[in-house]
Amino acid sequence: MSAPRDDFDAALDVASTRARAWLDRLDERVVRAEASADDVRAALGADLPDGPADPADVVRLLADAAEPGLVATPSGRFFGFVIGGTLPAALAADWLVSAWDQNAALRAASPAGSAVDDIAAAWLLDVLGLPGNAGVGFVTGATMANFAGLAAARDAVLARAGWDAGSRGLSGAPSVRVLVGAERHDSVDVALRYLGLGAPEPVDVDDQGRLSAAALEVALADDGGRPTIVCLQAGNVHSGGFDPFAAAIPAAHAAGAWVHVDGAFGLWAATSPRTRGLLDGAAAADSWATDAHKTLNVPYDSGVVAVRDPAAMRSAMSYHGDYLLTDAAYLEPYERVPETSRRARSVPVWAALRSLGRSGLSALVDRLCRHAAAFAAGARDVPGAEVLNDVVFTQVCLAFGDDDRTREVGRRLMADGTVWMTGSRWRGREVLRISVSNWSTTDTDVARGLDALARAAAD
Ligand SMILES: *Cc1c(COP(=O)(O)O)cnc(C)c1O
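Please read these numbers as outputs of a predicted model, since none were measured by experiment.

A.B. asks: Is there a simple way to think about the overall build of the chain in this case?
C.D. replies: Counting its secondary structure elements, the chain contains 14 helices and 11 strands. A compact globule built from 459 residues would reach a C-alpha radius of gyration of about 23 Å, and the chain, at 23 Å, matches this within 12%. With respect to the principal axes defined by its C-alpha atoms, the chain has extents near 65 × 60 × 45 Å. Relative to all contacts within the chain whose residues are 6 or more apart in sequence, the contacts with residues 24 or more apart total 74%. For the chain, the computed accessible surface area is about 19,700 Å², with 55% contributed by carbon and sulfur atoms. Distance between charge centres in the chain, computed from 42 positive and 59 negative side chains, equals 3 Å.

Now the structure itself:
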């Protein structure tokens, strides 16, 4: 039997070789998967073997069976949902995180993990234009970032109403009202559900899906003195639009509300002078959620929550265990997030930021916006195509005449496989969404995307 060290070497060599081959092929392969989930299950084999297998063989089997069923989401020609790719430094750093296998819950369990957390947190607050002393937690995505931010919000507004949710729970508590734009992301609703707050009250939005500050003021005035949370959005998944923070946040604060901002991809507008204005006033909020696996292009899964008052974050997320060896003067990584044991999720974030630098980050955001604008401009020459949104950031929404035709164009585009764009419904119409979120998208990728659109839209 070989020494364990040899097993590591052989398995890691296979993984590295196969990973490089996958990355090499991203440029030319079709974006959609070529095998179905059933095909992959059959290739993997459904039965758990009785005996052990060679580690390198296991990795080889996995790569052989899984690759045909992979979607080329890290390709520069993937424009579906809101999905980023992976910057080289972030990917390699993520490999190290797995090899190091730190439990980054506690400074004592991983001094390096908490040091990287601290630096990445400070850099994020800086580049995102948020208060420098806010508490920052590294979570799995914007859903959990919304959950963590809204948990702090819930407890804080109830505490102001004289109710300690931590000890008394929600039974008998004053009812908390949550006001959201009618086009908030649905993950806000699920976070509120997890938090026992039920469904939010939608506030009217304009034709770009942006909350109406006037409608918010009317809703706030009608509150009957209830504890209130206002959840705003930076980056509508259809239009890319931003809520009017400069008007909405002071109005919400004047009414005693906590303001949370879901900026899963839009918060990154702060990193470029060209788009920063979209976030005017957003830094006055009380908590913010964003993703690192979207605009920043780190591997899944990576989200970030920031809370202005670190004590509110600690009291919502933390717990005490005598064996945990916490440092009372320091907000431990696990005290900022729902998880206890956790991978050192800040490491790829740090590597992405360190490899881009300030100018590289703003150039990345500018490039995504430039490609989105090029799609919108080019789509105007595609017969029958209509651009439905003001393209202010990275999202473009297209329609091709009636709903049936828009769906048909989407089907043909997916069958073609050159690019991936996703269908949706927006403002009562079937649409085809283009989300430019991948650092590696080139002008050529955009041109190929426009050609594919023209082919799909041809009679
Ligand atoms: C993607 C997204 C979310 C959810 O983020 P996950 O990373 O999938 O958890 C929330 N809000 C907005 C605006 C999004 O785009």
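After that view, the rundown keeps rolling.
A.B. asks: Looking at this structure, I do not really get the packing of helix H13 (residues 403-416) against helix H14 (residues 443-457). What am I missing?
C.D. replies: In a pair of packed helices, the angle between the axes and the distance between the axes together describe the arrangement. Packing of H13 against H14 leaves a shortest axis separation of 8 Å and a crossing angle of 125°. By the angle between their axes, H13 is oblique relative to H14. The hand of the H13/H14 crossing is right-handed. Taking contact as the criterion, the partners of Arg405, Val409, Arg412, Leu413 and Asp416 in H13 are, on H14, Ala452, Leu453, Arg455, Ala456 and Ala457. Here the residues of the contact of H13 with H14 sort into 6 nonpolar, no polar and 4 charged.

A.B. asks: Quick question: what am I supposed to make of helix H12 (residues 346-379) here?
C.D. replies: For an α-helix the count is 3.6 residues per turn, leaving residues at separations of three or four pointing the same way. Taking 1.5 Å of rise per residue, 34 residues should cover 50 Å, yet H12 covers just 38 Å from first to last C-alpha, more than 12% shy of that figure. Along H12, the sharpest kink reaches roughly 95°, centred on Gly357.

A.B. asks: Quick question: what am I supposed to make of the sheet that holds strand S10 (residues 422-426) here?
C.D. replies: Where strands meet in a sheet, backbone hydrogen bonds hold them as pairs that are either parallel or antiparallel. Taken together, the 4 strands give an open sheet; going across it, the order is S8-S9-S11-S10, and neighbouring strands pair in antiparallel fashion. The two strands at the open ends of the sheet, each matched to only one other strand, are strand S8 (385-387) and S10. Pairs of neighbouring strands in the sheet enclose a mean axial angle of 40°, with direction left out of account. Pairing geometry for strand S9 (residues 395-400) and strand S11 (residues 429-435), over 4 bridges, is antiparallel. Looking across to S11, one finds that Val396 is bridged to Ile434. On top of the sheet, H12 reaches S8, S9 and S11; it is set at about 20° to S9, its chief contact.

A.B. asks: For this particular structure, what's the right way to read the domain arrangement of the chain?
C.D. replies: Reports of interface size often rely on the accessible area that becomes lost once the parts have come together. If you check the domain split of the chain, you get domain 1 (4-72) and domain 2 (92-351). One C-alpha centre belongs to domain 1, the other to domain 2, and the line joining them spans 36 Å.

A.B. asks: Help me understand the pairing of S11, please; the structure alone is not making it clear to me.
C.D. replies: Two faces make up the sheet, and in a regular strand the side chains alternate between them. The buried fraction of S11 is high, at 6 of 7 residues. By the bridge criterion, 5 bridges tie S10 to S11 in an arrangement that is antiparallel. Within S11, the residue paired with Trp426 across the bridge is Arg429.

Criteria and cut-off values
Residues numbered from 1 in each chain as written. Predicted model: local features only at pLDDT ≥ 70, side-chain atom pairs only at ≥ 80, totals over all residues. Heavy atoms only, no water. Helix = DSSP H or I, 4+ residues; strand = E, 2+ residues; numbered from the N terminus. Rg over C-alpha atoms; globule rule 2.2 N^0.38 Å. Contact = heavy atoms within 4.5 Å. Areas by Shrake-Rupley, 256 points an atom, 1.4 Å probe, with all protein chains shown as cover. Lys, Arg positive; Asp, Glu negative; His and termini not counted. Charge placed at Lys NZ, Arg CZ, Asp CG, Glu CD. Axes fitted to C-alpha atoms, helices over the stretch in contact; angles between N-to-C directions. Parallel < 35°, antiparallel > 145°, perpendicular 65-115°, else oblique. Left-handed = near helix turned anticlockwise from the far one by under 90°. Nonpolar A, V, L, I, M, F, W, Y, C, P; charged D, E, K, R; others polar. Expected span 1.5 Å × (residues − 1). Bend = angle between axes of the 7 residues up to and from the residue. Pairing = 2+ DSSP bridges. Domains from an automatic or database assignment. Buried < 20%, exposed > 50% of the residue type's maximum accessible area, 1.4 Å probe, protein only.

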